[in-house]
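Close look at the chain arrangement
This is what each chain is made of:
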Amino acid sequence: MISVTDRSSIILVVYTAFSHAVVEGIWLQLSARNIATLIAVDTGLLLAVLTLTLMTGKIFGFSSKDEVSLILCGSKKSLASGVPMANVLFPASTAGFVILPLILYHQIQLFLCTLIARHYHNKHLADV
């Protein structure tokens, strides 16, 4: 019950902030080039953090399991904490613009981390 309530409240907060941004005309104010730039910057940031965590694991000689944890957890940026902070720090009319990079980052992160997890899973199966 608590898990459902927790996830539902996060979805509601993100939906409310993003809906307000849509009503304020976020898609009319951002060009395709602006959105592509945001995606490129978010992807670059995520790749930099993934590389940093991978290299840190290698330098310190982490086991494969610890390396996976470091890589997959080290890059996390949470909508659950970012959206409420943006809503508190910024007026409702600009909060959507502030969280858009976070929303895009989260989607890219889910996609890339799924590929990374699949890679480590297949590597583990090959080692067994």
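All of the points below concern the structure found in this document. (Residues numbered from 1 in each chain as written. Predicted model: local features only at pLDDT ≥ 70, side-chain atom pairs only at ≥ 80, totals over all residues. Heavy atoms only, no water.)

Note that phenylalanine 97 resides in helix H6 (residues 92-127). Of the residues examined, phenylalanine 97 reaches a relative accessible area of 26% and is grouped as partly exposed. A sequence separation of 77 residues divides phenylalanine 97 from histidine 20, and the C-alpha atoms of the two residues are 10.0 Å apart. Discounting chain neighbours no more than four positions away, the residues touching phenylalanine 97 are Ile26, Gln29 and Leu30. (Helix = DSSP H or I, 4+ residues; strand = E, 2+ residues; numbered from the N terminus. Buried < 20%, exposed > 50% of the residue type's maximum accessible area, 1.4 Å probe, protein only. Contact = heavy atoms within 4.5 Å.)

The next point concerns helix H4 (residues 64-74). Every buried residue of H4 is listed here: Glu67, Val68, Ile71 and Leu72. Viewed along the axis of H4, the buried residues span an arc of 115 degrees, placing them on a single side of the element. H4 presents Lys65 and Cys73 as exposed residues on the side facing more than 90 degrees away from its buried surface. Those residues of H4 hidden inside the fold are in contact with helix H3 (32-59) and H6. (Arc of directions from axis to C-beta.)

Formed by Leu46, Leu50, Val68, Ile71, Leu72, Tyr105, Ile108, Leu112, Cys113 and Tyr120, the largest nonpolar core amounts to 10 residues. Secondary-structure elements contributing two or more residues to this core are H3, H4 and H6. When residues in this core are grouped by element, the largest group, 5 residues, is from H6. Ignoring any residue separated from it by four or fewer positions in sequence, one finds isoleucine 71 in contact with Leu50, Thr53, Leu54, Ile116 and Tyr120. (Core = buried A, V, L, I, M, F, W, Y, C linked by side-chain atoms within 4.5 Å.)

At a minimum axis separation of 11 Å, H4 and H6 run at an interaxial angle of 175 degrees. Between H4 and H6, the interaxial angle falls into the category roughly antiparallel. Along its contact with H4, which presents Glu67, Val68, Ile71 and Leu72, the element H6 presents Cys113, Ile116, Ala117 and Tyr120. For the contact of H4 with H6, the residue count by class is 7 nonpolar, no polar and 1 charged. (Axes fitted to C-alpha atoms, helices over the stretch in contact; angles between N-to-C directions. Parallel < 35°, antiparallel > 145°, perpendicular 65-115°, else oblique. Nonpolar A, V, L, I, M, F, W, Y, C, P; charged D, E, K, R; others polar.)

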